Amino acid sequence: MGRTVAFGLTLVLYSAHAYAQQPPSTAKPAAPSTAKPATTTAPKAAASPAAKPAAATGTTFSATSANVGEPGNPVTIKMLSNTTVTANFVPQGSQGSGTILREFWNNVTGSTVASLTSNAAYPNSPTGSEQLTSLEGPTNVTDNYGSRIRGYIHPPISGAYTFWLASDDGGDLLLSTSDNPASATRIAFVDSWTSPREWTKLASQKSAAINLVAGQKYYIEVLHKEATGGDNVAVAWQGPGIALSVIAGNFLSPFVRPAGTNQTLTVAKTGTGTGTVTSAPTGINCGSTCSASFASGVSVTLTAAAASGSTFAGWTGACTGTGTCTVSMSAARSVTATFNTSGGGTPTPCSNPITFSGSTGNFNTTGAVCYRTAATINGWGCSSFDGRTVTVGGEARTCGQMPVTKSADGFTYFSATAGAFPWATIFTW
Ligand SMILES: [Ca+2]
Ligand SMILES: [Ca+2]
């Protein structure tokens, strides 16, 4: 007679919170009949009972995991020792809402994520958007585009999760420690390309194990850039009760801009001329609407347009230079646009000028004066100017207002009107 050895099989029902609402008896039908056939007279000490739990109403059976090899349903257990099987019942659709937002930008060249994020249309002007029903974008749709998929993952069970990114071409996978996008950090990336759902080509595709808490939602973001050839992007995960698989829609919900976090952008205009400032996205048309509220974190691009007879002299405040001005609305921002009269073009010298360099010293008169300098002027100012006004090259200026323009003879001319103090000065640097 061969030996007869019996081992016990224990079925543990491991469920997420929604399962706990179900009567326990409804979730056990598989256990009684399958837990005992290991008591056998077979010549070998092994039997292979199949455990197939049935999901309770309102739940879906996700997977079975234990020291029994690959999870699955049914799972087959070879009874070589006492064995505990854990069955995870995941509530149907009670965490995620089933979709996640995908935005895409067409006609953007380059194979790296940076070639998307440095594009002027990113992030505020996507070509289009759609809702995905899993964390996987379309495959082989076109060339020279980028995409951003973002929203939240809803882990069904607390525990350690590992993530994988597949992407063609480059891709970044970011995950936050909460639902706050500001806390998102890159956890995996592809810096060349992979085939669709190819999870093991690059070490960088795989994240570390990350502990997530059931009932919480975590901001997740995929940045993806396709140059030419094949294109795809997808994210898989593996965690308690979840075999390595593309993240399904019932664990996802689309990005929602947090309420009450708008920031105010204020535009001021100064200078001797006139013009308008407009924004993208819309909101500022200054003009008359010189202040607007934007969602926190949005990038706003301001464009200045000088009126006829004026020139745009540049930005101060949250922007510098004379090009378009882009501000990130992570806080309230203020920008000043300077428009000056263009003065018909040629700066006009004043009469009987005194040539100086650096500083005029005291005017030594309460009367009007004319000074000039051949030096390059990076900045300038006035002292003890009470009552006086100043023009530069014949154009009205407030003290220190840039730019200033040299006349044809190579000198910059400063003309001050009469004032209260003879010790007034002009200084330049
Ligand atoms: Ca392509
Ligand atoms: Ca490609």
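What counts as what
Residues numbered from 1 in each chain as written. Chains lettered and ligands numbered in written order. Predicted model: local features only at pLDDT ≥ 70, side-chain atom pairs only at ≥ 80, totals over all residues. Helix = DSSP H or I, 4+ residues; strand = E, 2+ residues; numbered from the N terminus. Buried ≥ 20, exposed ≤ 12 C-beta atoms within 10 Å, placed from the backbone. Contact = placed C-beta atoms within 7 Å. pLDDT = per-residue confidence, 0-100. Pairing = 2+ DSSP bridges.

**As for the overall build of the chain**
Scanning the chain for helices and strands turns up two helices and 31 strands. Per-residue burial over the chain gives 35% buried out of 429 residues. For the chain, contacts bridging at least 24 residues in sequence account for 72% of all contacts bridging at least 6.

**Some points on the confidence of the model for the chain**
Of the residues in the chain, 77% reach a pLDDT of 70 or more, and the chain-wide mean stands at 82. Confidence drops under a pLDDT of 50 for residues 15-47, and excluding neighbours within four residues, the segment shows 59 contacts in the predicted structure. The low-confidence segment residues 62-71 (pLDDT under 50) makes 33 contacts with residues lying over four places distant or belonging to another chain.

**Concerning the sheet that holds strand β21 (residues 299-306)**
What the four strands build is an open sheet, ordered β19-β18-β21-β23; its pairing is antiparallel. Every other strand in the sheet has two partners, leaving β19 (285-286) and β23 (325-328) as the edge strands with one partner each.

**Observations concerning the pairing of strand β30 (residues 412-416)**
The element β30 is extensively covered by neighbouring structure, given that five of its five residues are classed as buried. Side chains of β30 alternate between two faces, with T412, F414 and A416 and Y413 and S415 buried alike. Bridge analysis of strand β26 (residues 369-373) against β30 gives five bridges, and the strand direction is antiparallel. Its bridge partner being in β30, T373 is matched across the sheet by T412.

**Looking at the environment of L132**
Take L132: it is sitting in strand β7 (residues 128-132). Since 19 C-beta atoms lie within 10 Å of it, L132 is described here as partly exposed. For the pair L132 and A248, spaced 116 residues apart in the sequence, the C-alpha separation amounts to 9.8 Å. Setting aside its immediate chain neighbours within four residues, L132 contacts T99, I100, R102, G137 and I149.

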